[in-house]
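Chain and residue survey
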Amino acid sequence: MRNFIENMPKAELHVHLEGTLEPELSFSLAEKNGISLPFETPEALIAAYDFHDLPSFLKIYYAGMSVLQEESDFFDLTWAYLEKAASQNIVYAELFFDPQGHTTRGVAFETVITGIHNAQVAAQEKLGIKSKLILCFLRDMSADSAMEHLLMAKPYIDWLVGVGLDSDEYNNPPVKFKEVFALARKWGLKLTMHCDVNQKNTLEHIGQVLDDIQVDRIDHGVNALESDALCNKIKARQLGLTVCPVSNRFVVQSLTSQEIRTMLSKGMLATINSDDPAYFRAYLNENFIALQEEGNFTKDEILTLAANAFSVSWLTEPEKTDYLHKLSVFSDTRAE
Ligand code: ADE
Ligand code: ZN
């Protein structure tokens, strides 16, 4: 099963680039940029990762960003993730980035997006891994700040496939960003939003992303299972859910394998993702492997989860058909 998962061609749709910052890269960038980290070694930094809920994770995640200063730092970060992803047979990735996490530290939007974009182009050329970029707004900042950043992105619109919403959900409902997302949609961008597990007013928030924002996908969204009405809407609209098993485990002490199986049995398009793999110490293969072990998933179920990711991705229809064909060739070969 491990081999099967490792060799399977996969898409990843929920990964925060800043969450792929490995401690070793963090130390080398800190040294280059003359920044002192409050840890002696990468191992000591990892030992300080103590997450039990979203705010405790976010505190460490934002502190980690301080080493990202120059365009080449964003290139190196993105390249390292894409290289790791390609080594795990991820053939396509949709990447989140948090510009407000950088502009608030005095790093220009242009610096951030240019470094990321150039690494995406280089990785496609040299590693054969395709990727698209999603600009996320920090929901614990104002709607005005989100709008300012959307306007900053206008000259780079061709480098983006969509916009998302992340950071602390507590008292930051989706409707706070209704105008920002409406404008993004007008510009032709796809829309997604985080509905993290077990947040206050989660069912209300999931209702808002469906009805007020009319998203094209939902990040996490596991709590939707508590409402038949929400499940029916998600299914009727064929919306993908980007579930992140190892990330969820820090909050709910389970990889949500039962919930993922329930989604599949209801015909909801669940996908498996890594979220912040450097912090949670698990990339996509490790997420699939741990999930399979906890939930005793069959190869067919694993293939369905992988196929869902291509189907609900923001690739063009011919690209989707091509990747789904590659996955079915893989599946046929393995069955022999
Ligand atoms: N930013 C990075 N990872 C996140 C997550 N899992 N939820 C909300 N915001 C995030
Ligand atoms: Zn996330």
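For the structure, check the block above.
What comes next is a walk through the structure. (Residues numbered from 1 in each chain as written. Chains lettered and ligands numbered in written order. Predicted model: local features only at pLDDT ≥ 70, side-chain atom pairs only at ≥ 80, totals over all residues. Heavy atoms only, no water.)

A word on the overall build of the chain
Each helix and strand in the chain was counted, giving 17 helices and eight strands. Here the C-alpha atoms of the chain give a radius of gyration of 19 Å, agreeing with the 20 Å that 2.2 N^0.38 yields for 336 residues. Projecting the C-alpha coordinates of the chain onto the three principal axes gives extents of approximately 55 × 40 × 40 Å. Counting over 336 residues, the chain shows a buried share of 57%. By sequence separation, contacts in the chain at least 24 residues apart represent 78% of the contacts at least 6 residues apart. Put simply, the chain shows about 13400 Å² of open surface, and 50% of that area lies on carbon and sulfur atoms. In the chain, which carries 29 positive and 48 negative side-chain charges, the distance between the mean positions of the two groups comes to 6 Å. (Helix = DSSP H or I, 4+ residues; strand = E, 2+ residues; numbered from the N terminus. Rg over C-alpha atoms; globule rule 2.2 N^0.38 Å. Buried < 20%, exposed > 50% of the residue type's maximum accessible area, 1.4 Å probe, protein only. Contact = heavy atoms within 4.5 Å. Areas by Shrake-Rupley, 256 points an atom, 1.4 Å probe, with all protein chains shown as cover. Lys, Arg positive; Asp, Glu negative; His and termini not counted. Charge placed at Lys NZ, Arg CZ, Asp CG, Glu CD.)

Brief notes about the coordination of the zinc ion (ligand 2)
Looking at the zinc ion (ligand 2), one finds its protein donor set to be His-14 (NE2), His-16 (NE2), His-194 (NE2) and Asp-275 (OD), positioned 2.1 to 2.2 Å from the metal centre. In this structure, the zinc ion (ligand 2) is surrounded by four donor atoms whose angles at the metal cover 83 to 175 degrees, and the resulting shape is irregular. Positions of the donor residues of the zinc ion (ligand 2) along the chain correspond to the pattern H-x1-H-x177-H-x80-D. Of this pair, His-16 sits in strand E1 (residues 10-16) while Asp-275 sits in the loop between strand E8 (269-272) and helix H14 (277-280), and the two are 259 residues apart along the sequence. (Donors = N, O, S within 2.8 Å, 3.2 Å for Na, K, Ca; no water. Tetrahedral: all angles 85-135°; square planar, octahedral: opposite > 155°, others 65-115°.)

What about the packing of aromatic side chains?
Overall, the coordinates contain 20 aromatic pairs when judged by the stated rule. Their ring planes at 65 degrees and their centres at 6.5 Å tell us that Phe-51 and Tyr-279 sit as a pair that is edge-to-face. Placement of Phe-51 in the loop between helix H3 (42-47) and helix H4 (54-64) and of Tyr-279 in helix H14 is noted, with a sequence separation of 228 residues between them. Tyr-279 sits in the buried class, given a relative accessible area of 4%. Ring centres of Tyr-156 and Trp-159 lie 5.3 Å apart, and the angle between their planes is 45 degrees; on these two criteria the pair is classed as tilted. Overall, Tyr-156 belongs to the buried group, its relative accessible area being 16%. Judged by relative accessible area, Trp-159 falls into the partly exposed class, the value being 26%. (Phe/Tyr/Trp six-rings, centres within 6.5 Å; stacked < 30°, edge-to-face > 60°.)

Section: the pattern of salt bridges
Taken as a whole and judged by the stated rule, the model has 15 salt bridges. Note that Arg-281 is salt-bridged to Glu-22, the shortest N-O span being 2.9 Å. With a gap of 259 residues between them, Arg-281 in the loop between H14 and helix H15 (284-295) and Glu-22 in the loop between E1 and helix H2 (23-33) connect regions that are remote in the sequence. Since its relative accessible area comes to 41%, Arg-281 is described here as partly exposed. Residue classification places Glu-22 among the buried residues on the basis of a relative accessible area of 19%. Close ionic contact of Lys-326 with Asp-322 constitutes a salt bridge, the shortest N to O distance being 3.2 Å. With Lys-326 and Asp-322 both in helix H17 (residues 317-335) and four residues apart, this pair spans about one turn of that helix. Taking the relative accessible area as the measure of exposure, Lys-326 reaches 42% and is therefore partly exposed. For Asp-322, a relative accessible area of 39% corresponds to the partly exposed category. (Salt bridge = Lys/Arg side-chain N within 4 Å of Asp/Glu carboxyl O.)

What about the pairing of strand E4 (residues 160-166)?
Within E4, seven of the seven residues are buried, which leaves it mostly tucked inside the rest of the structure. Pairing of strand E3 (residues 130-138) with E4, which is carried by six bridges, proceeds in the parallel orientation. Along E4, the bridge assignment pairs Phe-137 with Leu-165. Handedness of the β-α-β unit built from E3, helix H8 (residues 143-153) and E4 comes out right-handed. For E4 and strand E5 (residues 190-195), the ladder comprises two bridges, and the chain directions are parallel. Along E5, the bridge assignment pairs Val-163 with Leu-191. Once you follow E4 into helix H9 (residues 178-186) and on to E5, the crossover reads as right-handed. (Pairing = 2+ DSSP bridges. Right-handed = clockwise from strand over helix to strand, strands pointing away.)

Regarding the site of ligand 1
Taken together, His-16, Leu-54, Phe-57, Leu-58, Tyr-61, Asp-166, Ser-167, His-194, Asp-196, His-220, Asp-275 and Asp-276 make up the full set of residues near ligand 1. Within the contact set of ligand 1, a nitrogen atom lies 2.8 Å away from a side-chain nitrogen or oxygen of Asp-196. Computed on the free molecule, ligand 1 has an accessible area of 260 Å², of which 99% lies beneath the protein chains in the complex. Here the element with the most residues in the shell around ligand 1 is H4; it accounts for four residues. Among the residues forming the shell around ligand 1, the class breakdown is four nonpolar, four polar and four charged. (Near = heavy atom within 4 Å. Polar contact = N/O pair within 3.5 Å; in protein donor to acceptor, adjacent residues only side chain to side chain. Nonpolar A, V, L, I, M, F, W, Y, C, P; charged D, E, K, R; others polar.)

Thoughts on the nonpolar core
In this structure, Tyr-81, Phe-97 and Phe-181 are the most contacted members of the largest nonpolar core, which totals 108 residues. Sorting elements by how many residues they give to this core places helix H7 (residues 109-127) first, with seven residues. Setting aside anything within four residues of it in sequence, one finds Phe-181 in contact with Phe-137, Val-163, Gly-164, Leu-165, Leu-191, Thr-192, Met-193 and Ile-213. In terms of nonpolar packing, the next biggest core, distinct from the first, is built from five residues, Ile-134, Cys-136, Val-161 and Trp-314 among them. (Core = buried A, V, L, I, M, F, W, Y, C linked by side-chain atoms within 4.5 Å.)

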